[in-house]
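Inside the fold
Single-letter residue listing:
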Amino acid sequence: MTLLYGAQTSRRRDAQRNRAAIIAAASEVLNGPEPVSLMPEVARRAGVGQATLYRHFPDRHALTVAVIGHYLQVLESAAAASVERPALFRQLLREVLHTLIKMRPLVLLAQRLDADARRRYIRRAIAALSPPLRSAQESGYVRHDLVPDDLILLFTMVRGAAEATGDVVSGLVAGDRSIDLVLDGVFL
């Protein structure tokens, strides 16, 4: 939304499409080894010029924030949908943990954000996961002594296992194995 003569106006449809394409392209680029030139690669994959990219996202930081926001919205929707289906919590948590490994370049960029921003993002993720966690506990799928803040510990453990290896492929293998071990410890 922009402000024009004191009234909010919505973005033009083409601007909305461009922004969505840029975020999708950035997600795709950040779904693998970090490229040398993130912004030009995102512009190329989004099918927009660099001027359009920089009009929406003036720097890597702004793009990182938008991509994290996108993933948090996806998580919030998926978590809300799984509250009434507690058996799905294991798959939801697996997806979240796997995304942390798969999106390592995004995680590394997020680690460069200021501490307050990182805390806000973590709190938002935990807030999204808390209702389906409680539902899964009440239905007997998850151990009862697990508290929402324990999820931060799970994220850290899985990320640590993936980062302890020397290359991306080994990191994915170690990460996947650690996810299996962590989930077996959480679920009954």
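Scroll up for the structure.
Quick summary incoming for the structure in this document. This one's a predicted model, so the numbers in the text were calculated from it and none came from an experiment. (Residues numbered from 1 in each chain as written. Predicted model: local features only at pLDDT ≥ 70, side-chain atom pairs only at ≥ 80, totals over all residues. Heavy atoms only, no water.)

Scanning the protein for helices and strands turns up 9 helices and 2 strands. Order of helices (α) and strands (β) in the protein, N terminus to C terminus: β-β-α-α-α-α-α-α-α-α-α. Counting only C-alpha atoms and orienting by the principal axes, one finds that the protein spans roughly 55 × 45 × 25 Å. In the protein, once contacts between residues fewer than 6 apart in sequence are set aside, the share between residues at least 24 apart is 68%. Put simply, the protein shows about 10500 Å² of open surface, and 55% of that area lies on carbon and sulfur atoms. The positive charge centre, built from 24 side chains, and the negative charge centre, built from 19, are 6 Å apart in the protein. (Helix = DSSP H or I, 4+ residues; strand = E, 2+ residues; numbered from the N terminus. Contact = heavy atoms within 4.5 Å. Areas by Shrake-Rupley, 256 points an atom, 1.4 Å probe, with all protein chains shown as cover. Lys, Arg positive; Asp, Glu negative; His and termini not counted. Charge placed at Lys NZ, Arg CZ, Asp CG, Glu CD.)

Glancing now at the nonpolar core. Most often, soluble globular proteins have nonpolar side chains that are buried together. Membership of the largest hydrophobic core comes to 52 residues, with the highest contact counts inside it found for V42, L63, F89, L93 and L151. Listing elements by their share of this core, those giving two or more residues are α1 (13-29), α2 (38-46), α4 (60-82), α5 (89-102), α6 (104-111), α7 (115-138), α8 (150-163) and α9 (168-186). The element contributing the most residues to this core is α7, with 8 residues. When residues no more than four places from it in sequence are discounted, the contact partners of F89 are L129, P132, L133, A136, V142 and F187. (Core = buried A, V, L, I, M, F, W, Y, C linked by side-chain atoms within 4.5 Å. Buried < 20%, exposed > 50% of the residue type's maximum accessible area, 1.4 Å probe, protein only.)

This brings us to α5. Across its 14 residues, α5 extends 20 Å between first and last C-alpha, which sits within 8% of the 20 Å expected from 1.5 Å per residue. Within α5, the full set of buried residues consists of F89, L92, L93, V96, L97 and I101. Contacts from the buried residues of α5 go to α4, α6, α7, α8 and α9. (Expected span 1.5 Å × (residues − 1).)

A word on the environment of P131. Position of P131 among the secondary structure elements: in helix α7. When the C-alpha atoms of P131 and S37 are compared, they prove to be 39 Å apart, with 94 residues separating the residues in sequence.

With respect to the helices, strands and loops of the structure, S135 is situated in helix α7. Classification of S135 as buried rests on a relative accessible area of 13%. Apart from residues no more than four positions distant in its own chain, S135 is found in contact with V83 and P86.

Here we come to α2. Turning to α2, its buried residues number three or more, namely L38, M39, E41, V42, A43 and A46. Taken together, the buried residues of α2 touch α1, α3 (50-56), α4 and α6. Directly after α2, the chain includes G47, whose backbone phi takes a positive value near 75°.

Where α5 contacts α8, the axes come no closer than 9 Å and their chain directions differ by 40°. On the basis of their axis angle, the class for α5 and α8 is oblique. Crossing of α5 over α8 shows right-handed handedness. Together, L93, V96, L97, L100 and I101 of α5 and L151, L154, F155, V158 and A162 of α8 make up the contact between the two elements. Within the contact of α5 with α8, the residues separate by chemical class into 10 nonpolar, no polar and no charged. (Axes fitted to C-alpha atoms, helices over the stretch in contact; angles between N-to-C directions. Parallel < 35°, antiparallel > 145°, perpendicular 65-115°, else oblique. Left-handed = near helix turned anticlockwise from the far one by under 90°. Nonpolar A, V, L, I, M, F, W, Y, C, P; charged D, E, K, R; others polar.)

Interpretation in functional terms is not warranted from these geometric data alone.
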